[in-house]
Amino acid sequence: MATTHTHSAARLMMAPSVILLLLWMIVPLSMTVYFSFLRYNLLMPGTESFAGFMNYRFFLTDPAFFQAIGNTLILVGGVLFATVAGGIALALLLNQPMFGQGIVRILVIAPFFVMPTVSALVWKNMLMNPVNGLFASLARFLGFQPIDFLSSIPLTSISLIVAWQWLPFATLILLTALQSLSEEQNEAAEMDGANAWNRLIYIILPHMARAITVVVLIETIFLLSVFAEILVTTNGGPGTESTNLTYLVYMQALLQFDVGGASAGGIIAVILANIVAIFLVRMIGKNLED
Amino acid sequence: MGSIRLENVSKHFGEHAVIPSIDLEINDGEFVVFVGPSGCGKSTLLRLIAGLEDVTGGRILIDGDDATAKPPAKRGLAMVFQSYALYPHMSVRSNIGFPLKMANLDKAEIDRKVNDAAAILNLTDYLERKPRALSGGQRQRVAIGRAIVRSPECFLFDEPLSNLDAALRVNMRLEISELHQQLGATSIYVTHDQVEAMTMADKIVVLRAGNIEQVGSPLELYRSPANLFVAGFIGSPKMNFIDGKAAEEFGAHTIGIRPEHVALSTESGKWMGKVAVSEHLGSDTFLHVDVPELGHITTRTDGEFPVRHGDTVFISPDPERLYRFNADGLAA
Amino acid sequence: MEVQARSNYFHHFWNSVAISLGSTVIGLLIAVPAAWAMAFSPTKRTKDILLWMLSTKMLPAVGVLVPIYIIFRDLGLLDTRIGLIIIMMLINLPIMVWMLYTYFKEIPGEILEAARMDGATLGKELVYVLTPMAIPGIASTLLLNIILAWNEAFWTLNLTASKAAPLTAFIASYSSPEGLFYAKLSAASTMAIAPIVILGWFSQKQLVRGLTFGAVK
């Protein structure tokens, strides 16, 4: 273990991972930074020229950009709220001994393993479709006028789909945290005269606090990049009503072929993600020490 | 056979000298116990002998051969780890047989030796089980079995009993001592528990901060500790230390009185004090007495001594068995 | 995507299998030694390297979409399986290293020392002690990464057209109803999610550990 010859071997064993990730991080990112200062369109090769901050200015003055930022925040915030609140409730429920616990758990966790394009299409065509969808039939059965979810409330609908996908993740992590709470602590609290509600507030939730933070941070990282769900349901529309930052950059790059503009948008997305990442990395780093 | 000699052995971790320099002679067939408080370097010293750590300086001779640069397996030693370090995916049989398999013995030979070891250790009925299906004491025996099948020159034990409960610990202590009598191989045993050291050792090595404080048989250490540290470490309950005027009376900077070396009386004696706590064990009575000027004195008497909290008692030290120390803490 | 491509469901199924398996196996070959070194021969910088690896995972994909697209176009990697295998491997490499690291950390050092005392050479130690003890962790990592790669839907959608398109991209082409739409969508979807839901059931515990980088166990 602690003998000397092992250290150089260790360095050699780490080298491939470190080098690959270093390349993966530095090469494309510096290219993005470089492109973001160019006037560069894929359809007009050879006409690249230095543009200064034009791309950023263009992006930052585009009303679509602010809508995209707003949509991103609403999507992230809404899904976080729904999954954390729902996740706590489901975790508490699943932690109770009950009949068929195994089956119930599979069903609750399953959506996480459904690929995003499939879940988005199933929601779009089988649940939210204004003519054939289940929700529409249900509404008609109850005597209401069915609504066209994806055209009238596109962002809410997408949030709903994404929340459905991420609820299992939150549930699973919170359940794991809940199961690590020692039964003795709960019993001690009971002996001290705490009722179920008090135990939730003073014992269970504080115990889960770290897991909740982890859920929030990790989901945020992934939710900032929601893409497939938007692509197959609304294409960002109507207009830009359901366009988030990721989708906006995608449109700029691969639909309008504006490399410079898309790169500027990409850099803005990187900066936003980094703000979250700093907190997450710190927290996990602290965790490494114990 | 199994003699081990450390010459000027030192170990540094970076700038930090865990073991500044140690010389030690261990004779063939001896049961040697390294004892000391945690962080004294006793485990490090054992690991240096095992070859699990490289020495920074000095030589380790096993049977007169320089083994300093030999890999662990080539030193003819076997080790029992604190956590037992059993291979969780192997049966008890495979665990015990593993060192033999590594030595490329044939199957029949391995089986024979494993069965012998299992018989000695009462593990015959458990040979096909996995370690997780065993109790703590059984796991401990498997770890010992893995060590004895190799018929090593020397056994190394790294705090092997610290994960067992008190009753089991006493049992295993006896079993290890018995095994040592039976096998006759040199054993080095690391512990922080002076009771284990006193009961098992032929020779005790008391360590503090990487230095040897004293080497000797259990009774030598008990009767003539070289300094305050050894005096306070060996013996239970701990020796009482008194300095100041009361010590000068006996011509020393500090005097040490073992709890069992005092005469107690409820009527008269040298020092008067009040009982703070009395512990009645039936066979013995421990009194914790507050003596004005001297502080807290612990005493031990055979049988019953009927006093309670708040009672007045008189304590008289046995002048024949009083330990005197000079200002440097050395026995005078 | 063209209409005729849709009939070829199994073509895309195999793309998914090839990409998720390929990227996971290559990733493991690279990640196992790294995690091994960090767990058993840690230095002062090990923690920083781990955290840095983690931070690469937090780089949003759109931040590098444009250059990757251009590099792939220039190298002829667009719409190829090998291109996607490389990307999937890279985006999941930090998770693999982390997961393996947390598993390897749990193998007690004393066991390795015991093996050395018992006379095992490095090779034998690897075969008889380390590998059997590490296999559960490696298997869990394998499983979780197959799931993540199977379901990945940013790079697969942006870097493939039809030839190398895995199921995620193929199914996205069903975005407007036509013909036997519902039947087809249901069939395709079921086949796309069934294998992974089963794998997912086996790996739910590891999923927590992998996706939280060991912060919740």
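Residues numbered from 1 in each chain as written. Chains lettered and ligands numbered in written order. Predicted model: local features only at pLDDT ≥ 70, side-chain atom pairs only at ≥ 80, totals over all residues. Heavy atoms only, no water.

Visitor: Lay out the overall build of chain B with the relevant residues and their values.
Guide: For chain B, the count of helices and strands is nine helices and 18 strands. In terms of overall dimensions, chain B has C-alpha extents of about 75 × 45 × 30 Å along its principal axes. A sequence separation of at least 24 residues applies to 63% of the contacts in chain B between residues at least 6 apart. Split by element, the accessible area of chain B, about 14800 Å² in all, is 49% carbon and sulfur. (Helix = DSSP H or I, 4+ residues; strand = E, 2+ residues; numbered from the N terminus. Contact = heavy atoms within 4.5 Å. Areas by Shrake-Rupley, 256 points an atom, 1.4 Å probe, with all protein chains shown as cover.)

Visitor: Requested: an account of the sheet that holds strand 18 (residues 323–325) of chain B, with residues and values cited.
Guide: Residues and elements named next belong to chain B. Read across the open sheet, the three strands follow the order 11-12-18; overall the sheet is antiparallel. Two strands lie at the open edges of the sheet, namely strand 11 (240–243) and strand 18, each paired on one side alone. Strand-to-strand twist in this sheet, taken as the mean axis angle between neighbours without regard to direction, amounts to 25°. Note that strand 12 (residues 254–257) and strand 18 share three bridges and pair antiparallel. Note that in strand 18 the partner of isoleucine 255 across the bridge is arginine 324. (Pairing = 2+ DSSP bridges. Axes fitted to C-alpha atoms, helices over the stretch in contact; angles between N-to-C directions.)

Visitor: If you had to explain the sheet that holds strand 1 (residues 4–13) of chain B to someone new, which residues and values would you point to?
Guide: Spatially, the four strands line up as an open sheet ordered 2-1-4-5 (chain B), and their pairing is antiparallel. Here the strands that pair on one side only, and so sit at the sheet edges, are strand 2 (16–26) and strand 5 (65–66) of chain B.

Visitor: Got a sec to walk through the interface of chain A and chain C? Specific residues and values, please.
Guide: Contact residues are listed per partner, giving 79 residues for chain A and 86 residues for chain C. For the pairing of chain A and chain C, the buried interface totals around 7000 Å² over both sides, and the portion due to carbon and sulfur atoms is 79%. Counting across the interface, chain A meets chain C through zero salt bridges. At the junction of chain A and chain C, the tally comes to five residue pairs in polar contact (both at pLDDT 80 or more). Counting residues per element, the ones that place at least two in the side of chain A that touches chain C are helix 1 (6–35), helix 4 (101–109), helix 5 (116–127), helix 8 (154–179), helix 10 (196–223), helix 11 (228–233), helix 12 (245–255) and helix 13 (259–289) of chain A. Broken down by element, the residue count for the side of chain A that touches chain C peaks at 19 residues, all from helix 1 of chain A. Classifying every residue of the side of chain A that touches chain C by side-chain character gives 56 nonpolar, 18 polar and five charged. (Buried area = accessible area lost by both parts, 1.4 Å probe. Salt bridge = Lys/Arg side-chain N within 4 Å of Asp/Glu carboxyl O. Polar contact = N/O pair within 3.5 Å; in protein donor to acceptor, adjacent residues only side chain to side chain. Nonpolar A, V, L, I, M, F, W, Y, C, P; charged D, E, K, R; others polar.)

Visitor: Describe in detail the layout of surface pockets, supporting the description with residues and values.
Guide: The volume enclosed by the largest pocket comes to roughly 1100 Å³. Of all the secondary structure elements, the ones that give two or more residues to the lining of the largest pocket are helix 1 of chain A, helix 2 (92–102) of chain B together with helix 2 (9–40), helix 6 (109–117) and helix 7 (122–151) of chain C. Ranked by residue count, the leading element in the lining of the largest pocket is helix 7 of chain C, at seven residues. In terms of residue class, the lining of the largest pocket is built from 27 nonpolar, 11 polar and 11 charged. (1 Å grid on protein atoms, 1.4 Å probe; cavity = no way out; pocket = protein on both sides within 12 Å on 5 of 7 lines; lining within 4 Å. Points joined across faces, edges and corners; volume = space filled by probe spheres on them.)

Visitor: Outline the confidence of the model for chain B, listing residues and values.
Guide: Per-residue confidence for chain B gives a mean pLDDT of 91, with 100% of residues at or over 70. Put simply, helix 9 (residues 245–248) of chain B is where chain B has its lowest mean pLDDT, 85, and strand 3 (residues 31–35) of chain B is where it has its highest, 95. (pLDDT = per-residue confidence, 0-100.)

Visitor: Summarise the interface of chain C and chain B; cite the residues concerned and give the values.
Guide: With 15 residues of chain C at the contact, the number on the chain B side is 28 residues. Across the chain C to chain B interface the summed buried area is about 1800 Å²; carbon plus sulfur atoms make up 61%. For the interface between chain C and chain B, the tally reads two salt bridges. Of the charged contacts in the structure, one is a salt bridge between arginine 47 of chain B and glutamate 113 of chain C, with a shortest N-O distance of 2.5 Å. In this assembly, chain C and chain B are joined by eight residue pairs in polar contact (both at pLDDT 80 or more). Put simply, the parts of the chain that give the side of chain C that touches chain B at least two residues each are helix 6 and helix 7 of chain C. Sorting elements by how many residues they give to the side of chain C that touches chain B places helix 6 of chain C first, with seven residues.

Visitor: Summarise empty space enclosed by the protein; cite the residues concerned and give the values.
Guide: Scanning the entire structure with this criterion turns up six cavities of 30 Å³ or more. Approximately 850 Å³ is the volume found for the largest cavity. Considering the residues around the largest cavity, the lining is formed by 36 residues, among which Trp166 and Phe222 of chain A together with Lys57, Glu152 and Ala153 of chain C are closest to the centre. Elements with a contribution of two residues or more to the lining of the largest cavity: helix 1, helix 8, helix 10 and helix 11 of chain A together with helix 3 (46–57), helix 5 (81–105) and helix 7 of chain C. Of all the elements, helix 5 of chain C adds the most residues to the lining of the largest cavity, at five residues. A breakdown of the residues in the lining of the largest cavity according to their chemical character gives 28 nonpolar, five polar and three charged.

Visitor: Which residues make up the packing of aromatic side chains, and what are the values?
Guide: Aromatic ring pairs: the centre-centre distance and the angle between the two ring planes describe each pair. Residues and elements named next belong to chain A. According to the stated counting rule, one finds 34 aromatic pairs over all chains in the structure shown. With centroids separated by 6.1 Å and ring planes inclined at 65°, the aromatic side chains of tryptophan 123 and phenylalanine 135 adopt a geometry described as edge-to-face. Note that tryptophan 123 is positioned in helix 5 and phenylalanine 135 in helix 6 (residues 134–141), a separation of 12 residues in sequence. According to the relative accessible area criterion, tryptophan 123 is buried, its value standing at 10%. Judged by its relative accessible area of 27%, phenylalanine 135 falls in the partly exposed class. Each ring, one from phenylalanine 227 and one from tyrosine 250, has its centre 4.8 Å from the other, and the planes form 75°; the classification is edge-to-face. (Phe/Tyr/Trp six-rings, centres within 6.5 Å; stacked < 30°, edge-to-face > 60°. Buried < 20%, exposed > 50% of the residue type's maximum accessible area, 1.4 Å probe, protein only.)

Visitor: Please give an account of unusual backbone geometry that cites residues and values.
Guide: In terms of backbone geometry, most residues other than glycine have negative phi values and most peptide bonds are trans. A cis amide bond, omega -5°, links serine 236 of chain B with the succeeding residue proline 237 of chain B. Within the secondary structure, proline 237 of chain B sits in the loop between helix 8 (228–233) and strand 11. For phenylalanine 257 of chain A, which is not a glycine, the phi torsion comes out positive at approximately 60°. By the secondary structure assignment, phenylalanine 257 of chain A is in the loop between helix 12 and helix 13. Exposure remark for phenylalanine 257 of chain A: the relative accessible area of 23% places this residue in the partly exposed category.

Visitor: Could you give an account of a nonpolar patch on the surface, naming the residues involved and the relevant values?
Guide: All names here are of chain A. A surface patch of nonpolar side chains, about 420 Å² in accessible area, is lined by Ile19, Leu22, Leu23, Ile26 and Val27. Mapped onto the fold, isoleucine 26 is located in helix 1. Relative accessible area serves as the criterion here: at 48%, isoleucine 26 is assigned to the partly exposed category. (Patch = residues over 30% accessible without salt bridge, like charges linked within 9 Å, V, L, I, M, F, W, Y side chains within 5 Å.)

Visitor: Which residues make up the side chain of aspartate 284 of chain B, and what are the values?
Guide: All names here are of chain B. Counting through the fold element by element, aspartate 284 comes out in strand 15 (residues 284–291). Judged by its relative accessible area of 11%, aspartate 284 is buried. Within the structure, the side chain of aspartate 284 is placed 3.1 Å from the side chain of serine 283, a separation counted as a polar contact. Leave out the neighbours within four places in its chain, and aspartate 284 touches Glu279, Arg300, Thr301, Asp302 and Gly303.

Visitor: Tell me what's going on with the pattern of salt bridges, and back it up with residues and numbers.
Guide: Under the counting rule described, the total for this entry stands at 20 salt bridges over all chains. Taking the shortest distance from any N to any O, the salt bridge between arginine 47 of chain B and glutamate 53 of chain B comes out at 3.1 Å. In this structure arginine 47 of chain B comes out as buried when scored by relative accessible area, which is 16%. When its relative accessible area of 8% is taken as the criterion, glutamate 53 of chain B is described as buried. The salt bridge partner of aspartate 74 of chain C is arginine 73 of chain C, with a shortest N-O separation of 3.2 Å. For arginine 73 of chain C, a relative accessible area of 37% corresponds to the partly exposed category. In the salt-bridge network here, residues are joined through shared partners; they are Arg5, Glu7, Glu25, Arg59 and Asp66 of chain B.

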